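Remarks on the overall topology
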Amino acid sequence: MCEWQRQIQKLIEEIDLSIKQQDSKSLSLSCLAEQSGYSEFYGVTPGTYRKCPQPVALRTVIKPFDCYLCETGGKLMKTRTQEIKTYFVTIPAHKFLHIENYESIGYWDFWQKQSLIPGQDCETICGLLDSIKGKPDDMGGNDANSGSGQIMAYRNEPAGRICSWGIPLAECYGVRLPMDYDGEVPAQMLLTDVPEGEYLVFEHGPFDYETENCSVEEKIEAAMKAFDYAASGYCLDTTPGRLFYFYHDPQRFWKYIRPVRRAD
């Protein structure tokens, strides 16, 4: 399924580029059919289909953020990683105001499941989080995950879903707040104290979401897989409760922040 999604994403990007370049030849039925692996004929004439339309099943749901929790890549990852900055940081103690889901896998699946819970749909939650001022990550915007201080996170939680590298994680969405925050906590949210800790950051700079999102994801996934923890003197910290932060803001960066500790 992951490979299918990659091919569909590639096709979408090629169509988008053809439209921008006004390349009508690349948008022909025969060309698109060849790229997608379909015949340009679906077995009936257009007139017959109009009289008795049948649903066409296309698995084209794109989940650009899901690869963080899915084991993808490996031998497929042949991209360079020079564009990824890797560095350690110490993040001061802070609070994390959020909602969480123990069963979701990826950004879109997360919001689909949250929308079934009264008061936890994307519009409601993002509106509440955006109304809170003084967020460390706030850049003055008002769109989820793009400058309004709102971020995805994954909390090491024994009752959570086991990810591909064997750690049980609960998927979260929320905002970081100063440790002295004493404002109101919405009834449907959780406020967690996050102690000072060391983290490993994998960061890619600004990119064009429409044409580069998939390739940037591949590069940063490759960098995370290739990182030599043993040589660094650190190891991934799998202590229950520790948070993995995920920032996706094409105008500034794509950034994964993993909790680490000194190796024994």
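What comes next is a walk through the structure. (Residues numbered from 1 in each chain as written. Predicted model: local features only at pLDDT ≥ 70, side-chain atom pairs only at ≥ 80, totals over all residues. Heavy atoms only, no water.)

Let's shift gears to the overall build of the chain. Helices and strands together make up the secondary structure of the chain, namely seven helices and nine strands. When each of the 264 residues of the chain is scored for burial, the buried share is 42%. If you take every contact in the chain between residues at least 6 apart in sequence, the share linking residues at least 24 apart comes to 73%. Surface accessibility of the chain: about 14500 Å² in total, with carbon and sulfur atoms responsible for 55%. (Helix = DSSP H or I, 4+ residues; strand = E, 2+ residues; numbered from the N terminus. Buried < 20%, exposed > 50% of the residue type's maximum accessible area, 1.4 Å probe, protein only. Contact = heavy atoms within 4.5 Å. Areas by Shrake-Rupley, 256 points an atom, 1.4 Å probe, with all protein chains shown as cover.)

Applying the stated criterion across every chain yields a total of ten salt bridges. We note a salt bridge from Lys219 to Glu83, for which the minimum N-O separation is 2.7 Å. With Lys219 in helix H6 (residues 209-226) and Glu83 in the loop between helix H3 (46-51) and strand E1 (85-91), this pair connects stretches of sequence that are 136 residues apart. Judged by its relative accessible area of 16%, Lys219 is buried. As a salt-bridge pair, Lys255 and Glu203 come within 3.9 Å of each other at their nearest N and O atoms. You can see Lys255 sitting in strand E9 (residues 253-262) and its partner Glu203 sitting in strand E6 (residues 197-204), a full 52 residues away along the chain. Residue classification places Glu203 among the buried residues on the basis of a relative accessible area of 9%. Salt bridges here are not isolated pairs; linked through shared partners, they connect Lys85, Glu203 and Lys255. (Salt bridge = Lys/Arg side-chain N within 4 Å of Asp/Glu carboxyl O.)

Scanning the entire structure with this criterion turns up 13 aromatic pairs. Centroid distance Phe96 to Tyr245: 5.6 Å. Interplanar angle 75°. Geometry classified as edge-to-face. Of this pair, Phe96 sits in strand E2 (residues 94-101) while Tyr245 is found in strand E8 (residues 243-249), placing the two residues 149 residues apart along the sequence. When the ring centre of Tyr247 is taken as reference, the NZ or CZ atom of Lys255 above it lies at 5.6 Å. (Phe/Tyr/Trp six-rings, centres within 6.5 Å; stacked < 30°, edge-to-face > 60°. Lys NZ or Arg CZ within 6 Å of the ring centre and 35° of its normal.)

In this structure, Ser104 sits in the loop between E2 and helix H4 (107-114). Distance from Ser104 to Leu169, taken between C-alpha atoms, is 9.8 Å for residues 65 residues apart in sequence. In this structure, Ser104 is in contact with Asp109, Phe110, Lys113, Arg161 and Glu171, ignoring residues within four places of it in sequence. A distance of 2.7 Å separates a polar atom in the side chain of Ser104 from a polar atom in the side chain of Glu171. (Polar contact = N/O pair within 3.5 Å; in protein donor to acceptor, adjacent residues only side chain to side chain.)

The next point concerns the side chain of Lys135. Along the polypeptide, Lys135 turns up in the loop between helix H5 (122-130) and strand E3 (150-162). In terms of polar contacts, Lys135 uses its side chain to reach the backbone carbonyl oxygen of Ile132, at 2.3 Å. Ignoring any residue separated from it by four or fewer positions in sequence, one finds Lys135 in contact with Leu129, Asp130, Ser148, Gly149, Val175, Arg176 and Leu177.

A few words now on the nonpolar core. Within the largest apolar cluster, 34 residues are counted, with the highest numbers of intra-cluster contacts made by Trp111, Tyr173 and Phe202. Judged by nonpolar contacts, the second largest core, of 13 residues, contains Cys172, Leu243, Tyr245 and Phe253. (Core = buried A, V, L, I, M, F, W, Y, C linked by side-chain atoms within 4.5 Å.)

Right, let's talk about the pairing of strand E4 (residues 168-178) for a bit. Across the eleven residues that make up E4, a large majority, ten, are buried. As paired elements, E2 and E4 share eight bridges and run antiparallel to each other. By the bridge assignment for E4, Ile99 is matched with Tyr173. As judged from the nine bridges shared by E3 and E4, these two strands associate in the antiparallel manner. Considered in E4, the bridge of Gln150 is made with Val175. (Pairing = 2+ DSSP bridges.)

To continue, consider H6. Here H6 contains 18 residues, and its C-alpha end-to-end distance of 24 Å stays within 8% of the 26 Å for a straight helix at 1.5 Å per residue. Along H6, the helix axis deviates most sharply at Ser215, where the bend reaches about 25°. (Expected span 1.5 Å × (residues − 1). Bend = angle between axes of the 7 residues up to and from the residue.)

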